[in-house]
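# Inside the fold
One-letter residues, chain by chain:
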Amino acid sequence: MNNKENQISASNRLDKAVGLRDKWCGEIGVGDIGEKVTICGWVAKTREHSQHLSFVDVRDRSGMIQCVIDSVVDLHSEYVVKVSGQVTRRPEGTENVELETGSVELTSCEVEVLNSSETPPFSLGKYSEADESVRLRYRYLDLRRSKMLNNLQLRSAINHCARNAMVEQGFTEVETPLLWTPTPEGAREFAVPSRLQKGSFYVLPQSPQIAKQLLMVAGVDRYFQIARCLRDEDLRADRQFEFTQLDIEASFVTMHDILEIVNHVIRKIVMVVRQVEHLAIRTMTWKDALENYGTDKPDLRFGMELVDLGEVFRETQFRAFQAEVVKAIVVEDGASLSRSRLDQLVDRAKELGALGLVWMKIGSVGVPGNSSSPDHPNSLEDIISIESPVAKFLQDHEKEQLISKLGLSGGELVLVVAGEHRSTCEILGQLRLELGSRLANEANEDALEFVWVVDFPMFDGTDEAGNLQAAHHPFTMPHIEDLELLEINPKAVRSQAYDLVLNGWELGSGSIRIHSNEIQSRVFKSLGITQDQAQERFGFLLSAFRYGAPPHGGFAVGMDRLIALLAREDNIREVIAFPKTQSGLDMMTGAPKALSKRNLQELGLNVGPKPN
Ligand code: ASP
């Protein structure tokens, strides 16, 4: 957890307080000295100094102020109070630098108790020690903590900024239904039973994908929505059943246009939240991302790129390196790692599916011909010292080439994996992340490395029936120049799909869509979706496409992840007001719950006994 305040809170000054009060607690400063003010809020702390003097810290969503009361007061934590007092400079030596209002206090205070409070189950300080399940159970108290209120304010400011940036670019905000029909994202869906059409179900949308494409057929041309999406998937730190996307679709555009539209939004947000001007957003092909970083979501806050050693070991006698690919990463200063740490890395690589992991500690790397005695030209061992369980199997020229290919100068640790291409890249990519991201965080915890990954393969893996699966979704347009490969070599077809990645987190994805029925039928065929199945699932979309569908494409930015990263949180639950636990429970309401017999009857549902 980071102790930096979100800068947004400073720039997000509150309007003049009205109602029962005339000042926000956190806004009182030396400029107000001498003024009589009234604040409202919660008692954060009380200290009785003597029978005639008490100090009470009162906080609201803007911050906290110390109130001096000339008597003993019966106030406890989280009591709701209204305090009127005079803004006074604190006596010298008693200022509190931790507090924004720490140079002043309210004196001669009159206190009105607006409500009492039970003792909260955990302390509401900025950094709560409480277990997350307790925080979620009493979320309304957890959210009262300044860090959480700041996160909510940050979220609101980012949404506001995104909305403005979209409107600025001529987009129209359209709300699409939540009671909907299956959409093509491919996750498990939530179903809602219909009371009026017993036995039939709505499906909660995994995204507004189909609706937004229909809006393009309708001629809306530029659509956006800050949309709730629902997917019944296993939950993780970066996943919730319901999440928010900035959902975008535009007509008569190319991939380049969509990237620029999204870049504009991202730059605006980062400008407001982090005051970064001219944010660099890179672009990389999926192939390069896999080749150099071993993943389609590269964390570019640090180097440690994967290097292909195919050339070096092309004719090697060492059996383990006689593989489809041999790749390595270099850990700077890694030669000092202990034997047990190296064993752990080997185990980890095996856990990730590698046949093995070869480590090499690079001792010294000298310059050939630099021997002190010209009669004794230095041997390879003088020039390069490699400590590795496999050193004895490597030829001298292989060692030399390895050193020069990896640009080694001594002190490094080289980790080598050999095997099938994709899995080798992915295993090394994972090791790179595990070894490098901590260092990257230490080097610059504020780094924001955005990158577009483009030219994804059209298909990725197969389903249980052996049919190819769409890497994005079935409406994604293949690269026009790859269309001829669709039937003969579908795995080589690239799609016009693109992902936006920030610091190794996938922020969202999008694509140019298929608007021609002919191409759509061919793609469905490649996916093993029959005409009848397509008609049954997406028939209404396919018929809409017969009435002049314009070329179109879009994108969706996962707002929870973006906000979490900008709030310097590593879990999206920290930026969601009422999230579910990892097992999908709502600790506060107890949902999901059983329905009464009557409810079930009304919905035409017959539910068996609850499993234990
Ligand atoms: N509907 C897609 C998703 O939610 C995004 C898009 O293609 O626009 O991932």
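Look a little higher up for the structure.
The structure presented is a predicted model; accordingly, all values stated were derived computationally and were not measured. (Residues numbered from 1 in each chain as written. Predicted model: local features only at pLDDT ≥ 70, side-chain atom pairs only at ≥ 80, totals over all residues. Heavy atoms only, no water.)

### Some remarks on the packing of helix α7 (residues 286–293) against helix α11 (residues 421–443)
The cut-off we apply is this: The angle between two axes is taken between their N-to-C directions and runs from 0 to 180 degrees, where each axis is a line fitted to C-alpha atoms and a helix contributes only its stretch in contact. The numbering of helices and of strands both runs from the N terminus, where a helix is a DSSP run of H or I of at least 4 residues and a strand a run of E of at least 2. For this analysis, residues touch if any pair of their heavy atoms sits within 4.5 Å. Only Asp, Glu, Lys and Arg are considered charged, only Ala, Val, Leu, Ile, Met, Phe, Trp, Tyr, Cys and Pro nonpolar, and every remaining residue, Gly among them, polar.
Direction vectors running N to C along α7 and α11 enclose 60°, while the axes themselves pass 7 Å from each other. Here Trp 286, Leu 290, Glu 291 and Tyr 293 of α7 come into contact with α11, specifically with His 421, Arg 422, Cys 425, Glu 426, Gly 429 and Arg 432. Classifying every residue of the contact of α7 with α11 by side-chain character gives four nonpolar, two polar and four charged.

### Things to note about the sheet that holds strand β9 (residues 222–230)
Test applied: Only strands joined by at least two bridges in the DSSP assignment are considered to pair.
Taken together, the eight strands give an open sheet; going across it, the order is β6-β9-β10-β22-β21-β20-β17-β11, and neighbouring strands pair in mixed fashion. In this open sheet, the two edge strands, each paired with only one partner strand, are β6 (172–173) and β11 (281–285). Taken together, the two bridges between β6 and β9 define a ladder with parallel strand orientation. Counted as the bridge partner of Glu 173 is Phe 224 from β9. Along the sheet face, helix α6 (residues 255–274) touches β9, β10 (242–251), β11, β17 (450–454), β20 (497–502), β21 (505–512) and β22 (552–558) and points at about 165° away from the line of β17. Along the sheet face, helix α14 (residues 559–566) touches β10, β17, β20, β21 and β22 and points at about 145° away from the line of β21.

### What to know about unusual backbone geometry
For clarity, the cut-off: Only protein chains enter the accessibility calculation, which uses a 1.4 Å probe. A residue is then buried if its area is under 20% of the maximum for its type, exposed if over 50%, and partly exposed in between.
Across the junction of Ala 591 and Pro 592, the peptide omega takes the value 0°, indicating a cis bond. Residue placement: Pro 592 occurs in the loop between α14 and α15 (597–602). Even without a glycine there, the phi angle at Asp 221 is positive, about 75°. Position of Asp 221 relative to the elements: it lies in the loop between α5 (209–217) and β9. By relative accessible area, which is 27% here, Asp 221 ends up partly exposed. In the Ramachandran plot, His 278 falls in the positive-phi region, its phi being about 50° despite a non-glycine side chain. Counting through the fold element by element, His 278 comes out in the loop between α6 and β11.

### What to know about the nonpolar core
Cut-off, in case you're wondering: We define the nonpolar core as a collection of buried residues of types Ala, Val, Leu, Ile, Met, Phe, Trp, Tyr and Cys that are connected through side-chain atoms lying within 4.5 Å of one another.
Counting residues in hydrophobic clusters, the biggest one holds 57 residues, and the most contacted among them are Leu 246, Phe 450 and Leu 562. The element that contributes the greatest number of residues to this core is α6, accounting for nine residues. Apart from the residues lying within four places of it in its own chain, the contact partners of Leu 246 are Ala 162, Met 166, Phe 224, Gln 225, Ile 226, Val 265, Phe 555, Ala 556, Val 557 and Met 559. In this structure, Tyr 293, Met 304, Ile 329 and Leu 413 belong to the second largest nonpolar core, which totals 32 residues.

### Here we look at the packing of aromatic side chains
Using the following cut-off: By convention, a stacked pair of Phe, Tyr or Trp rings (six-membered ring in the case of Trp) has centres within 6.5 Å and planes under 30 degrees apart, an edge-to-face pair has planes over 60 apart, and any other such pair is tilted. For a lysine, the NZ atom is tested; for an arginine, the CZ atom; a charge sits over a ring if that atom is within 6 Å of the ring centre and within 35 degrees of the ring normal.
Inspection of every chain in the model, using the stated rule, returns twelve aromatic pairs. Residues Phe 318 and Phe 321 carry aromatic rings whose centres are separated by 4.8 Å and whose planes lie at 75° to one another, so their mutual orientation is edge-to-face. Comparing Phe 318 with Phe 321, the two get one shared label, buried. Judged by centre distance (6.1 Å) and plane angle (75°), the rings of Trp 452 and Tyr 498 are edge-to-face. With Trp 452 in strand β17 and Tyr 498 in strand β20, the pair connects residues that are 46 residues apart, well separated along the chain. Ring pairing ties together the aromatic residues Phe 313, Phe 318, Phe 321 and Phe 393, which thus form one cluster. The ring centre of Trp 24 lies 5.4 Å from the NZ or CZ of Arg 61, which sits over that ring. Geometry around Phe 302 places Arg 432 over its ring, the cationic atom sitting 4.0 Å from the centre.

### Things to note about the state of the cysteines
Where we set the bar: Cysteine sulfur pairs qualify as disulfides if the two atoms are within 2.5 Å.
Under the criterion given, the structure shown has zero disulfides. Free of any disulfide, Cys 67 has its nearest cysteine sulfur in Cys 109, 4.7 Å distant. Judged by its relative accessible area of 1%, Cys 67 falls in the buried class.

### Notes on the pairing of β20
Within β20, six of the six residues are buried, which leaves it mostly tucked inside the rest of the structure. Residues Ala 497, Asp 499 and Val 501 point to one face of β20 and Tyr 498, Leu 500 and Leu 502 to the other, with burial holding for every one of them. Alignment of β17 against β20, held across five bridges, turns out to be antiparallel. Its bridge partner being in β20, Val 453 is matched across the sheet by Asp 499. Alignment of β20 against β21, held across six bridges, turns out to be antiparallel. Bridge pairing in β21 links Leu 502 to Trp 505. Between β20 and β21, which pair antiparallel in sequence order, lie two residues; one of them, Asn 503, sits at a positive phi of approximately 45°.

### Quick notes on helix α8 (residues 339–351)
Counted only if it meets this: Expected helix span is taken as 1.5 Å per residue step, with the number of steps being one fewer than the number of residues. Our arc is simply the arc of the directions from the helix axis toward the C-beta atoms.
Between the first and last C-alpha of α8 there are 18 Å, a value that for 13 residues agrees with the 18 Å anticipated at 1.5 Å per step. Residues of α8 that are buried: Leu 342, Leu 345, Val 346 and Ala 349. The buried residues of α8 occupy an angular sector of 100° when projected down its axis, which confines them to one face. Just downstream of α8, Gly 353 is the residue with a positive phi angle, here 110°.

### Quick word on the site of the ligand
Note the threshold: Near is defined per residue: the residue qualifies when any heavy atom it owns lies within 4 Å of the molecule or strand. The term polar contact refers here to a pair of N or O atoms within 3.5 Å; inside protein, the definition further demands a hydrogen-donor-capable atom paired with an acceptor-capable atom, and it admits residues adjacent in sequence only when both atoms are side-chain atoms. Accessibility throughout is a Shrake-Rupley quantity obtained with a 1.4 Å probe, and a residue counts as covered only by protein chains that appear here.
In the region of the ligand, 14 residues are neighbours, and Glu 185, Gln 209, Lys 212, Arg 231 and Arg 513 sit closest. A distance of 2.6 Å is found between a nitrogen atom of the ligand and a side-chain nitrogen or oxygen belonging to Glu 185. Interatomic distance of 2.8 Å between a side-chain N/O atom of Arg 513 and an oxygen atom of the ligand. Contact with the protein chains covers 95% of the free accessible surface of the ligand, which is 270 Å². Elements with a minimum of two residues in the shell around the ligand: α5, β21 and β22. Tallying contributions element by element places β22 first for the shell around the ligand, with three residues.

Everything listed is a geometric property; what it means functionally is a separate question.
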